[in-house]
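Letter by letter, the chains look like this.
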Amino acid sequence: MDIRLQGKAQKERLQLQPNGSYALVPDDFEGVTPKVVVHEGDMVKAGEALFVNKQYPDVKFASPVSGRVTAIERGERRKVLCVKVEADKEQSYVDYGRRDVARMDGEAVVSALLDAGIFGYINQLPYAVSTNPETRPKAIFVSALRDKPLACDFAYEVQGQEQDFMTGLTALSKIAKTHVGIGIQPDLHAQLQQMGVEQIAELTVFDGPCPAGNVGVQVNHLDPVNKGEVVWTIGDPTVVLFIGRLFNSGRVDLRRLVAFCGSEVKKPCHVEMKVGQELRTLLSNSYDESHHVRIVNGNVLTGRQTTKDGFLGAHSSEVTVIPEGDDADELLGWAMPRLKQFSVNRSYFAWLFGKKKEYALDARVKGGERHIIMSGEYDRVLPMDIYGEYLVKAIITGDIDRMEQLGIYEVSPEDFALAEFVDSSKLELQRIVRQGLNNLRKENS
């Protein structure tokens, strides 16, 4: 189901002058327990490690900029919240050397990614966590289809960076068989064919609404994951550009194109930012601050709530601003036959306007948590060979055997984002699925 929202980013690029504040957030890398390897006051170069994965110390996470480490913020039980860096006016980079990936083998590629602090951007199934160098996948899946609401168009982002994308895919193909999934986009399809992608990877076109772009959905249709098997996944195709730039330039370059979007944004557009860049410059004077708004670091289905003091997430390709909805004052509430509200079940008359109508939805849940209703709601928006409702019940009850039988190794929390949106029980399905994956991972460790 495609949710059409107002405020889609126009294909115009905003020239943003960053304020020099950056931060790398460990929570952006699921499954990573960070161990900070710098101290406050240290000077670092772009590409130098700020923290490593405590369980796998070879997996480093590189600073997006050169500058001075200004703070290491911690939360409860000394959990590392972020490592802040104040950028230098003149950037300096760690030189990892240019390399010809055509002459490298898989071990050399993995070693280069580990050294440069980019390896941790690759995820894996099962468990939907940042992968580790001790696993070897049966395949690698890259989704170049972004189909969530107001998503940044990758076909627009990759323009002018075709060589980096090809280099990144070539590097991945040295590790394992690589699959690239795209949508019904004739321009991008022709562009990738002209680049020669089909010579190094298997290109698959997915025809259908959201969540066809979820890498987990693509894995489920092409090469499902069974117990004991591992596939590496890249649901954020910009990571392929990160990899390609490393080998083509010898530097860690974490620039990405971000869609600044949402019904509250005055001029939705695209902007080039670096991972970890502070959002204050982008958000200043860009929306009516007298309105109650929800700022989302990412898309509205899977992103995280943030503020002007937040930092661009490692995998965020959108910054979305929508109404909060806590100041709404509606006559008769849900009982009114509204024309501007979206409903899956035709509770409002807005369905008469067809599927192309765009809505300015707010962040309200519109109801309280209830018992699970076995109505098949999840199955209608979960295009996988999985019984979603039964799997969620097995996770809630902690029945590990049942979870395994129902295919938990194949799913990630984002696969249940649409199910969470349509769920009449108002359950936090993504949180529940993440908790189930974490418990299973701990049980099998």
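Residues numbered from 1 in each chain as written. Predicted model: local features only at pLDDT ≥ 70, side-chain atom pairs only at ≥ 80, totals over all residues. Heavy atoms only, no water.

### What to know about the overall build of the protein chain
Stage number 1. Secondary structure summary: the protein chain contains 12 helices and 19 strands in total.
Stage number 2. Its C-alpha radius of gyration of 22 Å places the protein chain within 12% of the 22 Å reference for a compact globule of 445 residues.
Stage number 3. Judged by the C-alpha coordinates and their principal axes, the protein chain covers about 65 × 50 × 50 Å.
Stage number 4. Burial analysis of the protein chain (445 residues in total) assigns 54% to the buried set.
Stage number 5. Entry remark: accessible area of the protein chain is about 20700 Å², with carbon and sulfur atoms responsible for 45%.
Stage number 6. Taken as two groups, the 53 positive and 62 negative side-chain charges of the protein chain have centres that lie 2 Å from each other. (Helix = DSSP H or I, 4+ residues; strand = E, 2+ residues; numbered from the N terminus. Rg over C-alpha atoms; globule rule 2.2 N^0.38 Å. Buried < 20%, exposed > 50% of the residue type's maximum accessible area, 1.4 Å probe, protein only. Areas by Shrake-Rupley, 256 points an atom, 1.4 Å probe, with all protein chains shown as cover. Lys, Arg positive; Asp, Glu negative; His and termini not counted. Charge placed at Lys NZ, Arg CZ, Asp CG, Glu CD.)

### Description of helix α12 (residues 429–444)
Stage number 1. If you check α12, its first and last C-alpha atoms are 22 Å apart, about what 16 residues at 1.5 Å a residue would give, namely 22 Å.
Stage number 2. For α12, the complete set of buried residues consists of Leu429, Gln430, Ile432, Val433, Arg434, Gly436, Leu437 and Leu440.
Stage number 3. Buried residues along α12 sit in contact with β10 (129–130), α8 (377–380), α9 (388–397), α10 (400–405) and α11 (417–422). (Expected span 1.5 Å × (residues − 1). Contact = heavy atoms within 4.5 Å.)

### Some words on the packing of helix α3 (residues 162–173) against helix α4 (residues 186–195)
Stage number 1. Closest axis-to-axis distance for the α3/α4 pair is 11 Å, and the angle between their directions is 65°. With respect to their mutual orientation, α3 and α4 come out roughly perpendicular. Here the hand of the crossing between α3 and α4 comes out right-handed. Of α4, the residues touching α3 (which contributes Glu162, Phe165 and Met166) are Gln191, Leu192 and Met195.
Stage number 2. Each residue belonging to the contact of α3 with α4 can be placed in one class, and the counts come to 4 nonpolar, 1 polar and 1 charged. (Axes fitted to C-alpha atoms, helices over the stretch in contact; angles between N-to-C directions. Parallel < 35°, antiparallel > 145°, perpendicular 65-115°, else oblique. Left-handed = near helix turned anticlockwise from the far one by under 90°. Nonpolar A, V, L, I, M, F, W, Y, C, P; charged D, E, K, R; others polar.)

### Description of the sheet that holds strand β3 (residues 34–36)
Stage number 1. Ordered in space as β3-β5-β6, the 3 strands form an open sheet in which the pairing is antiparallel. A strand with exactly one partner marks an edge of an open sheet, and here the two such strands are β3 and β6 (60–62). Pairwise comparison of adjacent strand axes, ignoring direction, gives a mean angle of 30° for this sheet.
Stage number 2. As paired strands, strand β5 (residues 49–53) and β6 are joined by 3 bridges and run antiparallel to one another. In the sheet register, Ala49 faces β6, and the bridge partner there is Ala62. (Pairing = 2+ DSSP bridges.)

### Observations concerning the side chain of Ser425
Stage number 1. Its place among the elements puts Ser425 in the loop between α11 and α12.
Stage number 2. A relative accessible area of 1% places Ser425 in the buried class.
Stage number 3. For Ser425, the side chain forms a polar contact with the main-chain nitrogen of Ile373, separated by 3.2 Å.
Stage number 4. Those residues in contact with Ser425 that sit more than four places away from it in its chain are Gly368, Glu369, Arg370, His371, Ile372 and Ile373. (Polar contact = N/O pair within 3.5 Å; in protein donor to acceptor, adjacent residues only side chain to side chain.)

### Section: the sheet that holds strand β18 (residues 304–306)
Stage number 1. On the basis of which strands lie adjacent, the open sheet formed by 6 strands has the order β1-β16-β15-β19-β17-β18 and mixed pairing. Each end of this open sheet is capped by a strand with a single partner; those strands are β1 (13–14) and β18.
Stage number 2. Sheet topology note: the strand β15 (residues 255–261)/strand β16 (residues 269–274) ladder contains 6 bridges and is antiparallel. Residue pairing for β16: Arg255 is matched across the bridge by Lys274.

### Side note on unusual backbone geometry
Stage number 1. Following Leu125, the chain continues to Pro126 via a peptide bond in cis, the omega torsion being 10°.
Stage number 2. Here the amide bond leading from Cys210 into Pro211 is cis, since omega sits at 15°, within 30 degrees of zero.
Stage number 3. Take Pro211: it is sitting in the loop between β13 (202–205) and α5 (215–222).
Stage number 4. Unlike most non-glycine residues, Tyr127 shows phi in positive territory, near 80°.

### Description of a nonpolar patch on the surface
Stage number 1. On the surface, a cluster of nonpolar side chains totalling about 530 Å² of accessible area is made up of Leu339, Phe349, Trp351, Leu352 and Phe353.
Stage number 2. Counting through the fold element by element, Phe353 comes out in the loop between β19 (318–323) and α8. (Patch = residues over 30% accessible without salt bridge, like charges linked within 9 Å, V, L, I, M, F, W, Y side chains within 5 Å. Salt bridge = Lys/Arg side-chain N within 4 Å of Asp/Glu carboxyl O.)

### Regarding the environment of Ile295
Stage number 1. Its place among the elements puts Ile295 in strand β17 (residues 293–297).
Stage number 2. Take Ile295: its relative accessible area is 7%, and that puts it in the buried class.
Stage number 3. Residues in contact with Ile295, not counting those within four places in the same chain, are Leu283, Tyr287, Arg304, Gln305, Thr306, Thr307, Lys308, Thr320 and Val321.

### Remarks on the packing of aromatic side chains
Given two aromatic rings, their pairing is described by the distance between the two centres and the angle made by the two planes.
Stage number 1. Within the structure shown, the criterion is met by 10 aromatic pairs.
Stage number 2. Note on Phe51 and Phe61: the rings are 5.0 Å apart at their centroids and 25° apart in plane angle, and the pair reads as stacked. Here Phe51, found in strand β5, pairs with Phe61, found in strand β6; they are 10 residues apart in sequence, far enough to count as distant. The exposure classification of Phe51 matches that of Phe61, with both residues buried. (Phe/Tyr/Trp six-rings, centres within 6.5 Å; stacked < 30°, edge-to-face > 60°.)

### Some words on the pairing of strand β2 (residues 21–24)
Here is the key point about a regular strand: its side chains alternate between the two faces of the sheet.
Stage number 1. The alternating pattern of β2 places Ser21 and Ala23 on one face and Tyr22 and Leu24 on the opposite face, and all of these are buried.
Stage number 2. Strand direction decides the pairing type here: β2 and strand β8 (residues 80–87), joined by 4 bridges, are antiparallel. Bridging across to β8, Ser21 finds its partner in Glu86.

### Focus on the pattern of salt bridges
Any two side chains of opposite charge can pair, on the condition that their charged atoms come close.
Stage number 1. Inspection of the entire model under this criterion finds 22 salt bridges.
Stage number 2. The salt bridge involving Asp153 is made with Lys11; its shortest N-O contact spans 3.6 Å. Of this pair, Asp153 sits in the loop between β11 (139–143) and α2 (154–157) while Lys11 is found in the segment before β1, placing the two residues 142 residues apart along the sequence.
Stage number 3. Residue classification places Lys11 among the exposed residues on the basis of a relative accessible area of 56%.
Stage number 4. In this structure, Asp362 engages Arg364 in a salt bridge whose closest nitrogen and oxygen atoms are separated by 2.8 Å.
Stage number 5. Salt bridges linked by common partners bring Arg146, Glu157, Asp236 and Arg256 together as one network.

### Re the environment of Thr306
Stage number 1. The topology assignment puts Thr306 in strand β18.
Stage number 2. Taking the C-alpha atoms as reference, Thr306 lies 30 Å from Leu331; in sequence the two are 25 residues apart.

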